[in-house]
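Chain by chain, the residues:
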Amino acid sequence: MARSFLVLGFVFSATAGRLSQQNDLNEEELALADLEEEKPLEGDSLQTLISALDATTESLSHDLKAVVEPFRNQQPETGMLRQLIAALTKARQDKTGDLEALNKQLLSMAAGNSNSAELREFAGQYKNIFDEQFIGERIPPALGLSTPEILAKQNKVFHMTAREMGAAMLQDWRKVSKDAATYDEAFDRKLEETAAMLVYPQAQEKLSITGHLWAHLTNMYMLVVRSLKELIDKTTLSWNLGDVTIVGGNLCNAAAREARETFMSGASQKGAAIFEFGIRWLLGKHMEVVHDLTMSMPRHDAYSKDQNFVKELKKAEKSFIDEWAENFRDDFYSHLRMSTMNVQQARIMGALHDMEGMTTKSALRYELTDCSNINRASKRDRESFPACKCSNINHRVFCGTEEVAGRKFDALQTKSLPACTYSLPYCAAEASQHDLNGLATILNPNPAKKFYLPKKINGSPVLVKEGSFWRATGSKKTAGTVGLGFRQSMDINDFVDEKVKSMVRWGAKVEGVDGEYDEWIAVNGCDTLYKDLVDSAVDLLTLHIGSKMYDMLYEPKHAIRKNPEFARNVFEKMKGEKNDAFLGTAFPSLGQRKAVETEISRQEAEITEMAASLEQFKLALEKA
């Protein structure tokens, strides 16, 4: 008790001059526990208290009023005043803590001073996570989530080997296609088999980066397409498609049309269906991870609870998948139609590959710095470069198919010859076949071999020449038959393979050559053209599907990964036709930053008013 009176004497018994220097008294001292004797307020101190209370009545601060109101009807004495100061001090401290929390929240929120700007900033965050989930150069930047949390979300959806991915995809495919016309269990197993064939290290690792899995899917597709050679139906052809035209029979036309019709149906159709599904399946899984990571960020908490926002985002995600999958499907069907158009294309690719080993090398420019630069040449015994010789005494020097020097020659002088300007010199006994000859032969627009038709059967004419054509007329001895069969040679019994059913129907015309034959005419045969067209188409499609899968990732306008327009597209798909004001109505979660900024301003005003009132209440206590 003696200590309390000593403190009271220290604080309240000072002279007026000393009190004037203590306008900022320690608040803890002012909030001492009740003393045994309380001093009523009167005079100047009472008037100061009344003025301070009146000021709170006019204040816009609801929290200030809430703190002061319980004290308004109490007896004006120093004890009451100390309690009021203590309560108001605590309220101001609480407000200060709330303000710090709001400012921290503001720093983590999406930027933008409008609904549109905020949505655009969200789309940018979404793109960053989308790209990193696909390419895996670094952990997806889901701000506010720890690395273990991010990895857990990735592994929840993926974390699979190539074989496991193939099995999971097929399991989901069977659920949606079991009753569909495109469903074929045997064909579907091809995909699973090809996944097991991928034995490179990455294919056997459990990975959660979409780009790795996309590469696995590409390789699986190429292997499955290549297997179409064994899966495409090669039964008897329907030659009525093209064996009769306005100018007569055209078996090459029939073979080409039949190959196209066959290639466009059956296994190819089934492949198109499952390939499109695989694209949708993998990109759907990718979107699932990106959506989860983006919406789990603390700054996007309000968005994740906004059902309209989430619904519109998922709608946008689905539209992206539809666009990419439809792009693949349309391109695949386009190449199905084109692949059988030119049997030579696959042969050309083979020829181009073989050209790498040719002796007659063509080059825009080349350098000769040593005799060893020339094929089968060596340096002379007593002379230095450019004096060279062919290693074999029977060899001479050629450029392309032209002989340009004997066994001993000057390399640089030889290089200056017109024949060697774009062709590397080489030593040989005779000129090698030019590297372009094989390709030129393949480019022959008539790839089919010759077949033969007899002019007579058992001595009776069955072909009559009409201008540049021959009409199959038949004879009494051929009555009851439908046409004249093609022969593989000028042997009456050497018929073309039955699977081709190759014939000229009676009454039809055919273009043929008879100048070098006596009793026969030669026509272009198509016994292997059908098979060649189908096999060539499969080879071309195998290469193309790999290129297309790669192109989908990098094509300038619609690239899946690192597309500079992707964030804008996300924004446009979610915004639609909504103006900025309606965006806030459609997505109530937008504008949270503005709401927090408004609350910060309100809290700052509350703290300012509380501080001003505290000063007045302290002054009243000092005057007491």
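Refer to the structure presented above.
Residues numbered from 1 in each chain as written. Predicted model: local features only at pLDDT ≥ 70, side-chain atom pairs only at ≥ 80, totals over all residues. Heavy atoms only, no water.

(A) Just the overall build of the chain, in detail. Helix and strand counts for the chain come out as 23 helices and 15 strands. Expressed as a percentage of contacts within the chain between residues at least 6 apart in sequence, the contacts between residues at least 24 apart total 74%. Of the roughly 32100 Å² of accessible surface on the chain, 51% is carried by carbon and sulfur atoms. (Helix = DSSP H or I, 4+ residues; strand = E, 2+ residues; numbered from the N terminus. Contact = heavy atoms within 4.5 Å. Areas by Shrake-Rupley, 256 points an atom, 1.4 Å probe, with all protein chains shown as cover.)

(B) Structural view of helix α8 (residues 147-157). Looking at α8, one finds that the buried residues are Ile150, Lys153, Gln154 and Val157. Taken down its axis, α8 places every buried residue within 95 degrees of arc, on the same side. Away from its buried face, by an angle of more than 90 degrees, α8 presents the exposed residues Pro148 and Lys156. (Buried < 20%, exposed > 50% of the residue type's maximum accessible area, 1.4 Å probe, protein only. Arc of directions from axis to C-beta.)

(C) Expanded view of the sheet that holds strand β14 (residues 509-511). An order of β10-β11-β14 is seen for the three strands of this open sheet, with the pairing classed as antiparallel. The sheet terminates laterally at β10 (463-466) and β14, the two strands that pair on one side only. Taken over all neighbouring pairs, the strand axes of this sheet differ in orientation by 35 degrees on average, direction set aside. Pairing of strand β11 (residues 469-472) with β14, which is carried by three bridges, proceeds in the antiparallel orientation. Across the sheet, the residue bridging to Phe469 is Glu511, located in β14. (Pairing = 2+ DSSP bridges. Axes fitted to C-alpha atoms, helices over the stretch in contact; angles between N-to-C directions.)

(D) Layout of the state of the cysteines. Counted by the stated rule, this structure contains three disulfides. The partner cysteine of Cys390 in its disulfide is Cys427, sulfur to sulfur 2.3 Å. Residues Cys390 and Cys427 share a disulfide whose torsion about the S-S bond is about -80 degrees; that sign makes it left-handed. Here Cys390, found in strand β2 (residues 387-390), pairs with Cys427, found in strand β6 (residues 425-428); they are 37 residues apart in sequence, far enough to count as distant. Across the pair, exposure class does not vary: Cys390 and Cys427 are buried alike. In this model, Cys399 is linked to Cys420 through a disulfide, with the two sulfur atoms separated by 1.9 Å. Note on the Cys399 and Cys420 pair: the S-S dihedral is about 100 degrees, so by sign convention the disulfide is right-handed. Placement of Cys399 in strand β3 (residues 396-399) and of Cys420 in the loop between α18 (411-415) and β6 is noted, with a sequence separation of 21 residues between them. (Disulfide = S-S within 2.5 Å.)

(E) Structural view of the pattern of salt bridges. Scanning the model with the defined rule gives 30 salt bridges in all. Among the ionic pairs, Lys206 bridges to Glu164, the shortest N-O distance being 2.7 Å. Within this pair, whereas Lys206 is found in the loop between α10 (185-197) and α11 (210-226), its partner Glu164 is found in helix α9 (residues 162-177), the two being separated by 42 residues in sequence. Exposure remark for Glu164: the relative accessible area of 33% places this residue in the partly exposed category. A salt bridge links Glu599 to Arg602; its shortest N-O distance comes to 2.9 Å. Remark: Arg602 and Glu599 occur in helix α23 (residues 592-623); sequence separation between them is three residues, near one turn of the helix. Here the salt bridges share partners, and the residues they tie into one network are Glu276, Arg280, Lys318, Asp322, Arg329 and Asp330. (Salt bridge = Lys/Arg side-chain N within 4 Å of Asp/Glu carboxyl O.)

(F) Fine view of the environment of Ala203. Examined against the element boundaries, Ala203 turns out to sit in the loop between α10 and α11. For the pair Ala203 and Met165, spaced 38 residues apart in the sequence, the C-alpha separation amounts to 9.8 Å. Those residues in contact with Ala203, other than ones at most four positions away along the chain, are Thr161, Ala162, Arg163, Leu198 and His216.

(G) The arrangement of the sheet that holds strand β1 (residues 377-379) in detail. Strand order in the open sheet formed by three strands is β1-β2-β5, with antiparallel pairing between adjacent strands. One side of each edge strand has no neighbouring strand; the edge strands of this open sheet are β1 and β5 (408-410). Between one strand axis and the next, the sheet turns by 40 degrees as a mean value, whatever way the strands run.

(H) Structural view of the side chain of Glu606. In this fold, Glu606 is placed in helix α23. Those residues in contact with Glu606 that lie beyond four places of it in its chain are Ser61, His62, Asp63, Leu64 and Lys95.

(I) Local environment of unusual backbone geometry. In this chain, Phe385 is followed by Pro386 through a cis amide linkage whose omega measures 20 degrees. Phi is positive for Arg376, which is not a glycine, with a value near 70 degrees. Phi is positive for Lys562, close to 50 degrees, though the residue is something other than glycine. Relative accessible area serves as the criterion here: at 40%, Lys562 is assigned to the partly exposed category.

(J) Spatial organisation of the packing of helix α7 (residues 115-135) against helix α21 (residues 566-575). The N-to-C vectors of α7 and α21 enclose an angle of 130 degrees; their axes lie 8 Å apart at closest approach. The angle between α7 and α21 places the two elements in the oblique class. Crossing handedness for the pair α7 and α21: right-handed. Taking contact as the criterion, the partners of Ser116, Leu119, Arg120, Phe122, Ala123, Gly124, Tyr126, Lys127 and Phe130 in α7 are, on α21, Phe566, Ala567, Val570, Phe571, Met574 and Lys575. (Parallel < 35°, antiparallel > 145°, perpendicular 65-115°, else oblique. Left-handed = near helix turned anticlockwise from the far one by under 90°.)

(K) Broad picture of the packing of aromatic side chains. Counting across every chain of the model gives 20 aromatic pairs. Here the aromatic rings of Phe122 and Phe309 are separated by 5.0 Å at their centres, their planes lie at 80 degrees, and the arrangement is edge-to-face. Here the residue Phe122 occupies a position in helix α7, and Phe309 occupies one in helix α16 (residues 307-339), the gap between them amounting to 187 residues. Each of the two residues, Phe122 as well as Phe309, counts as buried. When the centroid spacing of 6.2 Å and the interplanar angle of 45 degrees are considered together, the rings of Tyr221 and Phe328 count as tilted. Placement of Tyr221 in helix α11 and of Phe328 in helix α16 is noted, with a sequence separation of 107 residues between them. When sorted by exposure, Tyr221 lands in the same class as Phe328, which is buried. Of the aromatic side chains, those joined through ring pairs into one cluster are Phe122, Tyr126, Phe130, Tyr303, Phe309, Phe320, Trp324, Phe566 and Phe587. Here Arg120 stacks its cationic end above the ring of Phe571, 4.0 Å away from the centre of that ring. (Phe/Tyr/Trp six-rings, centres within 6.5 Å; stacked < 30°, edge-to-face > 60°. Lys NZ or Arg CZ within 6 Å of the ring centre and 35° of its normal.)

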